[in-house]
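Okay, here's what each chain looks like letter by letter:
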Amino acid sequence: MASILSRVKARLGRHGVGRTLNYIFFVVCLERCGIRINNEFILDPSSAGADPTTKDGFALEKLTSMEQLSDSDVDFLGNYGELSAFGNRFARGQICLIVRADNGDLAGAYWYGPRESDGISRDGMIDHCFTRHDYRGHGLYPWALRYIASTTSGQGGDDFSRLYIECSAFNYSSAAGIRKAGFVHSESVLTIGNLAILRW
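Note that the structure is a prediction, hence the values are computed from the model and not measured.

So, how was this worked out
Residues numbered from 1 in each chain as written. Predicted model: local features only at pLDDT ≥ 70, side-chain atom pairs only at ≥ 80, totals over all residues. Heavy atoms only, no water. Buried < 20%, exposed > 50% of the residue type's maximum accessible area, 1.4 Å probe, protein only. Helix = DSSP H or I, 4+ residues; strand = E, 2+ residues; numbered from the N terminus. Arc of directions from axis to C-beta. Contact = heavy atoms within 4.5 Å. Phe/Tyr/Trp six-rings, centres within 6.5 Å; stacked < 30°, edge-to-face > 60°. Lys NZ or Arg CZ within 6 Å of the ring centre and 35° of its normal. Expected span 1.5 Å × (residues − 1). Axes fitted to C-alpha atoms, helices over the stretch in contact; angles between N-to-C directions. Parallel < 35°, antiparallel > 145°, perpendicular 65-115°, else oblique. Left-handed = near helix turned anticlockwise from the far one by under 90°. Nonpolar A, V, L, I, M, F, W, Y, C, P; charged D, E, K, R; others polar. Polar contact = N/O pair within 3.5 Å; in protein donor to acceptor, adjacent residues only side chain to side chain.

Trainee: Would you mind going over helix α5 (residues 172-180) with me for this structure?
Mentor: Structurally, the α-helix is built with 3.6 residues per turn, so residues lying three or four positions apart point the same way. Within α5, burial applies to Ser174, Ala175, Gly177 and Ile178. Considered in projection along α5, the buried side chains sweep an arc of 160° and stay on one side of the axis. In α5, those exposed residues whose orientation departs by more than 90 degrees from the buried face are Ser173 and Lys180. Against β1 (35-43), α4 (140-152), β7 (162-168) and β8 (183-192) lie the buried residues of α5. Just beyond α5, the residue with positive phi is glycine 182, at close to 105°.

Trainee: Hey, could you run me through the packing of aromatic side chains in this one?
Mentor: Any aromatic ring pair is given by two values, namely how distant the centres are and how the planes are angled relative to each other. Tallied over the entire structure, the rule returns six aromatic pairs. Ring pairs connect the aromatic residues Phe86, Phe90 and Trp111, which therefore count as one cluster. The ring of tyrosine 164 is capped by arginine 115, whose NZ or CZ atom sits 3.9 Å from the centre of that ring.

Trainee: It is not clear to me how α4 should be interpreted in this structure. Could you clarify?
Mentor: The terminal C-alpha atoms of α4, which comprises 13 residues, lie 18 Å apart, in line with the 18 Å expected from a rise of 1.5 Å per residue. Counting buried residues in α4 gives eleven out of 13 residues, a clear majority hidden from the surface. Three or more residues of α4 are buried, namely Leu140, Tyr141, Pro142, Trp143, Ala144, Leu145, Tyr147, Ile148, Ala149, Ser150 and Thr152.

Trainee: Just to check I follow, could you spell out the packing of α4 against α5 for this structure?
Mentor: When two helices pack together, you describe them by how their axes are tilted relative to each other and by the distance separating the axes. The geometry of α4 relative to α5 is characterised by a closest axis approach of 8 Å and an angle of 45° between their N-to-C directions. Judged on the interaxial angle alone, α5 and α4 are oblique. Viewed along their axes, α4 and α5 form a crossing whose handedness is right-handed. When α4 is examined against α5, the residues Tyr141, Pro142, Leu145 and Arg146 are found in contact with a partner set consisting of Ser174, Gly177, Ile178 and Lys180. Looking at the contact of α4 with α5 residue by residue, the classes come out as four nonpolar, two polar and two charged.

Trainee: Looking at this structure, I do not really get the environment of histidine 185. What am I missing?
Mentor: By secondary structure assignment, the location of histidine 185 is in strand β8. With 19 residues separating them in the primary sequence, histidine 185 and glutamate 166 have C-alpha atoms 9.4 Å apart. Ignoring any residue separated from it by four or fewer positions in sequence, one finds histidine 185 in contact with Asn39, Glu40, Phe41 and Arg179. Of note is the side chain of histidine 185, whose polar atom sits 3.5 Å from the side chain of asparagine 39. Looking at histidine 185, its side chain comes within polar contact range of the side chain of serine 188, at 3.1 Å.

Right under this line is the structure:
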């Protein structure tokens, strides 16, 4: 819900009330019916270069278990509705790259791990990323994505042969951050429930 509200606010500034209300109606109807249109991006191998683990006011940390979260992280994630999702993702063996602000706040979380596929390919997938609203506008999302790319694929690492990321076709700000991090659009996917109906 928070991501929809942020998209609505951004669209109000760009397109006015009428077009924004049409957009809300369209997106909510699709999502309530279990219909999603996602864009899939793949890392451009030539763009994977090492990024520093710190930038003005922020630092990156890799987490592999709930025990690495501070008490304030647990409180924030509980209030944000993310705590059980964190536990489930750690249990599946995913890694969470977090951005920590100088004041100790968890400013963003970006999950990655093996892509669910045929079990033969060594593809990676970045998914379920969020940046706290009060820390947006600092370039944290593309910075974190570039760091994951530089340490897990291409010349920077050998965990994955290819690295993918998906986002909703209606999440324009996320797509912009993904492209800024060096990913290129590979395909769009229409899904109903968990079934991919159409790819283009």
